[in-house]
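Listed here are the chains, written in short residue letters.
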Amino acid sequence: MSLINKKIVLGVTGAISAYKALELTRLFVKEGAIVLPVMTKAAAEFITPLSLSTLAKSPVYGGGGGLFELTQGSRISHIELAQASDLICVAPATANFIGKAASGIADDLLTTIVMAACAPVLVAPSMNTRMWENPIVAANVERLKAAGYLFVGPAEGELACGTSGRGRLAPVDDIVEAAIDALSVKDLAGEKVLVTAGPTREPIDPVRFVSNSSSGRMGYAIAAAAKRRGAEVVLISGPTHLCCPPGVTTVKAATAQELYDACAGYFPQSTIVVMSAAVADYRPVKSFPHKVKKEAGSLSVEMERTADVLKHMGKRKKKGQVLVGFALETENMEANARKKLDEKDLDLVVANSPAGLDSEMNQVTIIDKKGGAEPLQPMKKDLLADIILDRVVRLKRG
Ligand code: CTP
């Protein structure tokens, strides 16, 4: 799921964190969204409509204090703004905005749009901690949640008033993630998805290991996409530099054995397994407890096989469980990948080359049990994640 061509009304209200709406706008636009900014009069005291409009590449609506401000010569009405949008995101949202929305007050353009909305409304509150904890604000938030409004944040940290606590606007990346989540079809609701990602590290001594250049991006993208699509997701990750996807239970596993143990615990209750980890096939027979000192001559490290985690799961697969593997091939891609599909009793195998290992892009062929092979164009891993999950959904539906 991406935000490409999604129309987002971005409501900005008068909080000190309004300046962060500029960065949020930039990120939405970078994700391909069409941003229609709407400011309250108070927001225009904190940031200029010109900055917002420049970043959004769109006129800014509201901000002048009038009720609608759209009638004179405007090509778009408040009802159109409300109804033509895929998402309404209010960031930052003040206690005042939340109170008005919860009470059904529509006395400016933004509250009018929110009241007329057909699209999901995502609210990112920003206020002083005591305001956030005020029982009236809390009751207003609950009322909006009960009416289906979505919330992201607020986060904890230092506040503009000099105090520290809950009330900061959620990080803009989290708001973007929440927006993508809000727009995702929940076709994996009820599924328990187990994803593995990244390399493993097989230690030689305390400072050296045998590993590979997997970045983990593919598995992290699949875990994040499955979560957005409504699944309960466990991500078992080898060492990577990536941030844990929000809402996903992330379990760290450094070695092939640790990954095996973690998978053994989660596999029985999983309904979908996507094994994208680049698990080491061999590990040093002996891991030295101290750093190996250099000596004259060569050094041999004897290696032994690790367990094939996916093959074990294939053997224990129960009816209804869907098992997806990856196949990294440098030659005879389709034939080798199909062999893995058969040997490991997989439902799908995603064949790829080492070019995708440490990249944001990947080019794959998706191969199924019935003999189908679907070669895909090179694409970003987050888009590919959704295509792989689409194929899983198709399999599940029979
Ligand atoms: N895999 C695994 N456990 C291993 C090795 C691989 O679970 N010890 C999984 C990978 O996560 C991937 C699939 O098996 O989903 C295929 O991995 P790949 O490295 O392409 O192939 P291998 O099975 O290791 O075979 P080969 O090295 O001979 O290509």
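Given the structure is predicted, the values throughout are model-derived calculations rather than measurements.

Peer 1: What should I look at first to understand the layout of surface pockets in this one?
Peer 2: Over the atoms rolls a probe the size of a water molecule, and in doing so it shows where empty space is left. Its volume calculated, the largest pocket comes out at about 1200 Å³. Along the wall of the largest pocket there are 26 residues; nearest its centre are Glu 31, Glu 177, Ile 180, Arg 228 and Asp 382. For the lining of the largest pocket, the secondary-structure elements that each account for two or more residues are helix 1 (20–30), helix 9 (172–183), helix 10 (217–228) and helix 14 (381–397). Of the residues assigned to the lining of the largest pocket, the class counts are 14 nonpolar, 1 polar and 11 charged. Built from parts of two domains, the lining of the largest pocket gets at least three residues from each of domain 1 (7–183) and domain 2 (192–282 + 303–396). Counted as a void, the second largest pocket has a volume near 650 Å³. Lining the second largest pocket are 32 residues; nearest its centre among them are Ala 277, Ala 278, Val 279, Phe 326 and Leu 328. Of all elements in the fold, only helix 10, helix 12 (309–316) and strand 17 (322–328) reach the threshold of two or more residues within the lining of the second largest pocket. Partitioned by chemical class, the residues of the lining of the second largest pocket number 14 nonpolar, 11 polar and 7 charged.

Peer 1: Can you walk me through the sheet that holds strand 9 (residues 192–197) in this structure?
Peer 2: The strands that make up a sheet pair up through hydrogen bonds in the backbone, lying either parallel or antiparallel. Reading across the sheet, the 8 strands line up as 13-12-9-14-17-18-20-21 and stay open at both edges, with mixed pairing between neighbours. Strands with a single pairing partner mark the edges of an open sheet, and in this sheet they are strand 13 (249–252) and strand 21 (373–375). Strand after strand, the sheet turns through a mean of 15° between neighbouring axes, direction not considered. Where strand 12 (residues 232–237) lies against strand 13, 4 bridges are found, and the strand directions are parallel. Each bridged residue has a counterpart across the sheet, and for Ser 237 the counterpart in strand 13 is Lys 252. Relative to strand 12, helix 11 (residues 256–266) is tilted by about 165°, and along the sheet it contacts strand 9, strand 12, strand 13 and strand 14 (272–275). On the sheet, helix 14 packs against strand 14, strand 17, strand 18 (348–352), strand 20 (364–368) and strand 21 and is oriented at approximately 140° with respect to strand 17.

Peer 1: Just checking my understanding: could you explain the packing of helix 11 against helix 12 for this structure?
Peer 2: Packed helices, taken two at a time, are described by their axes: the angle between them and the distance between them. Between helix 11 and helix 12, whose axes approach to 10 Å, the crossing angle comes to 20°. Classified by the angle their axes make, helix 11 and helix 12 are roughly parallel. Handedness of the helix 11/helix 12 crossing: right-handed. Contacts between helix 11 and helix 12 involve Ala 256, Leu 259, Tyr 260 and Cys 263 from the first element and Val 309, His 312 and Met 313 from the second. Residues belonging to the contact of helix 11 with helix 12 are distributed by class as follows: 6 nonpolar, 1 polar and no charged.

Peer 1: Any chance you could explain the pairing of strand 10 (residues 202–205) here in plain terms?
Peer 2: One face of the sheet, then the other: side chains in a regular strand alternate in exactly this way. In this structure, strand 10 lies alongside strand 11 (residues 208–210), joined through 3 bridges in antiparallel fashion. Looking across to strand 11, one finds that Glu 202 is bridged to Val 210. Hairpin remark: strand 10 followed by strand 11, antiparallel, with 2 residues in the connecting loop.

Peer 1: Which parts of the structure should I look at to understand the pattern of salt bridges?
Peer 2: A side chain with one charge may pair with a side chain of the opposite charge, provided their charged atoms come close. Per the counting criterion, the structure on display carries 21 salt bridges. Between Lys 340 and Glu 329 there is a salt bridge, and its shortest N-O distance comes to 2.4 Å. One end of the pair, Lys 340, is in helix 13 (residues 333–343); the other, Glu 329, is in the loop between strand 17 and helix 13, and 11 residues separate them in sequence. When its relative accessible area of 24% is taken as the criterion, Lys 340 is described as partly exposed. Judged by relative accessible area, Glu 329 falls into the buried class, the value being 8%. In this structure, a network of salt bridges that share partners links the residues Asp 187, Arg 229, Asp 386 and Asp 390.

Peer 1: What's the story with the nonpolar core in this structure? I'm lost.
Peer 2: Across soluble globular proteins, nonpolar side chains show a tendency to be buried alongside one another. By size, the foremost hydrophobic cluster in this structure holds 34 residues, and its most contacted members are Val 12, Leu 24, Phe 28, Cys 89 and Ile 175. Looking at this core, the elements that each hand over two or more residues are strand 1 (7–12), helix 1, strand 2 (34–39), helix 3 (49–56), strand 4 (87–93), strand 5 (121–125) and helix 9. Considering every element that reaches this core, the biggest residue donor is helix 9, with 8 residues. Not counting residues within four places of it along the chain, the set of residues in contact with Phe 28 comprises Leu 3, Ile 8, Leu 10, Ala 33, Val 35, Cys 89, Val 176 and Ala 179.

Peer 1: Explanation requested: the site of the ligand in the structure shown.
Peer 2: Taken together, the neighbourhood of the ligand is formed by 16 residues, with Met 275, Ala 277, Leu 310, Leu 328 and Lys 344 sitting nearest. Between an oxygen atom of the ligand and a side-chain N or O atom of Asp 281, the distance comes to 3.0 Å. Between Leu 310 and the ligand, the recorded distance is 2.8 Å, taken from a backbone N or O atom to an oxygen atom. With the chains in place, 77% of the 570 Å² that the ligand exposes on its own is no longer accessible. Among the detected pockets, the ligand sits in the second largest pocket. Looking at the shell around the ligand, the elements with two or more residues in it are helix 12 and strand 17.

Rules and cut-offs
Residues numbered from 1 in each chain as written. Predicted model: local features only at pLDDT ≥ 70, side-chain atom pairs only at ≥ 80, totals over all residues. Heavy atoms only, no water. 1 Å grid on protein atoms, 1.4 Å probe; cavity = no way out; pocket = protein on both sides within 12 Å on 5 of 7 lines; lining within 4 Å. Points joined across faces, edges and corners; volume = space filled by probe spheres on them. Helix = DSSP H or I, 4+ residues; strand = E, 2+ residues; numbered from the N terminus. Nonpolar A, V, L, I, M, F, W, Y, C, P; charged D, E, K, R; others polar. Domains from an automatic or database assignment. Pairing = 2+ DSSP bridges. Axes fitted to C-alpha atoms, helices over the stretch in contact; angles between N-to-C directions. Contact = heavy atoms within 4.5 Å. Parallel < 35°, antiparallel > 145°, perpendicular 65-115°, else oblique. Left-handed = near helix turned anticlockwise from the far one by under 90°. Salt bridge = Lys/Arg side-chain N within 4 Å of Asp/Glu carboxyl O. Buried < 20%, exposed > 50% of the residue type's maximum accessible area, 1.4 Å probe, protein only. Core = buried A, V, L, I, M, F, W, Y, C linked by side-chain atoms within 4.5 Å. Near = heavy atom within 4 Å. Polar contact = N/O pair within 3.5 Å; in protein donor to acceptor, adjacent residues only side chain to side chain. Areas by Shrake-Rupley, 256 points an atom, 1.4 Å probe, with all protein chains shown as cover. Sits in = over half its atoms within 2 Å of the grid points.

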